[in-house]
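# Chain and residue survey
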Amino acid sequence: MAAQKTFRYVYFNARARGELPRLVAAATGIHLQEEIISDEHVVWPRDIKPKTPFGQLPCLIIDDKWFTQKLAISFYLAEIGDRDLLGKTPHENLEIHQCLFFSEDVLERIVVACGDRDIRNKGSDNLQQVRTEYLPMKLPIMEKRLRENGSGYFAIDRMTIADLSGFDVFEHVVDLEGIDYLDQYPCIKSNFERTASLPRIKEYRTNGRNKTPTFNW
């Protein structure tokens, strides 16, 4: 790993679009100094948004410079923390990226639907459609990928950033439907439980998540 730095990580008090970098950091043993924004209506647009490169969160702050885009942040943390989460050849990276980007598409659909219900006051219709139509369409594709790869992982023969992204999706699914929902997808459930059992991921979920006080901007 590179020389120790203070990695400040800025996001709201939610998983949503901010969780993948946290999972990568946890898996690789990198400490993120979380700075949670509790007031998204005043503090975020007034004090924080102007500091970000593209008006978006999450952001990683290194030596007072702000960086954004969760995939860029996640790849960076994997590069400096544990390159085994990434491919060793262009072909391996192609395998990893196709699975990662598919998972991220699924996650985005879930996040938007939850935001429609919980933040934008648009009701539950979008989320209901995700639960009854979208997930039953997309999860069998992810199940098939895991089954056909044969290693228990989404890509190649080891855990990669694609599995952490899949884990992020499956955590949201379990939040919505309960753990028993995964029984119909045995490869997904096995992959989910394998990732959850990793000591660093287990520690993060038990003691690291949502333990950081709100940062006073």
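This write-up is about the structure you can find in this document. All values reported here derive from a predicted model rather than from experimental measurement. (Residues numbered from 1 in each chain as written. Predicted model: local features only at pLDDT ≥ 70, side-chain atom pairs only at ≥ 80, totals over all residues. Heavy atoms only, no water.)

### Things to note about the pairing of strand E4 (residues 65–68)
A regular strand carries its side chains on alternate faces of the sheet. Of the two faces of E4, only one is covered, namely that formed by Trp66 and Thr68; the face formed by Lys65 and Phe67 stays uncovered. The hairpin turn running from strand E3 (residues 59–62) into E4, its antiparallel successor, is two residues long, and Asp63 in that turn takes a positive phi close to 50°. (Buried < 20%, exposed > 50% of the residue type's maximum accessible area, 1.4 Å probe, protein only. Helix = DSSP H or I, 4+ residues; strand = E, 2+ residues; numbered from the N terminus. Pairing = 2+ DSSP bridges.)

### So, the environment of Asp84
Mapped onto the fold, Asp84 is located in the loop between helix H3 (70–81) and helix H4 (90–118). Take Asp84: its relative accessible area is 36%, and that puts it in the partly exposed class. Through-space distance from the C-alpha of Asp84 to that of Thr28 is 9.6 Å; in sequence the pair is 56 residues apart. With sequence-adjacent residues up to four places away left out, Asp84 is seen in contact with Arg158, Met159 and Thr160. Polar contacts involving the side chain of Asp84 include one to the side chain of Lys88, which spans 3.0 Å. (Contact = heavy atoms within 4.5 Å. Polar contact = N/O pair within 3.5 Å; in protein donor to acceptor, adjacent residues only side chain to side chain.)

### Remarks on helix H7 (residues 186–196)
Looking at H7, one finds that the buried residues are Ile188, Lys189, Asn191, Phe192, Thr195 and Ala196. When H7 is viewed along its axis, its buried side chains cluster within an angular range of 165° and face the same direction. Elements in contact with the buried residues of H7: helix H5 (125–149), helix H6 (161–177) and helix H8 (199–208). (Arc of directions from axis to C-beta.)

### Topic: the sheet that holds E4
Here four strands make up an open sheet; going across it, the order is E2-E1-E3-E4 and the pairing mixed. A single partner strand is all that each edge strand has here, and the edge strands are strand E2 (32–37) and E4. For this sheet, the mean angle separating the axes of adjacent strands, direction not counted, is 25°. With three bridges connecting them, strand E1 (residues 7–12) and E3 associate as antiparallel partners. Across the sheet, Val10 pairs through a bridge with Cys59, a residue of E3. Together, E1 and E2 form the strand contacts of helix H1 (residues 19–28), whose direction differs from that of E2 by roughly 160°. (Axes fitted to C-alpha atoms, helices over the stretch in contact; angles between N-to-C directions.)

### Here's the deal with the pairing of E1
Of all six residues in E1, six are buried; the element is thus mostly enclosed. Two elements, E1 and E2, share six bridges in a ladder whose sense is parallel. Paired with Val10 across the strands is Glu35, a residue of E2.

### Let's talk about H3
Under the 1.5 Å per step criterion, the end-to-end length of H3 is 16 Å for twelve residues, consistent within 8% with the ideal 16 Å. Taken as a whole, H3 has its buried residues at Lys70, Ile73, Ser74, Phe75, Leu77, Ala78 and Ile80. (Expected span 1.5 Å × (residues − 1).)

### Remarks on the pattern of salt bridges
All chains considered together, the criterion is met by 19 salt bridges. Where Arg15 meets Glu171, a salt bridge forms, and the shortest distance between an N and an O atom there is 3.7 Å. Of this pair, Arg15 sits in the loop between E1 and H1 while Glu171 is found in helix H6, placing the two residues 156 residues apart along the sequence. Judged on exposure class, the residue Arg15 and its partner Glu171 are both buried. Between Asp47 and Arg46 there is a salt bridge; the shortest N-O distance is 2.8 Å. Taking relative accessible area as the criterion, Asp47 reaches 25% and is therefore assigned partly exposed. (Salt bridge = Lys/Arg side-chain N within 4 Å of Asp/Glu carboxyl O.)

That is the geometry; function is a separate question.
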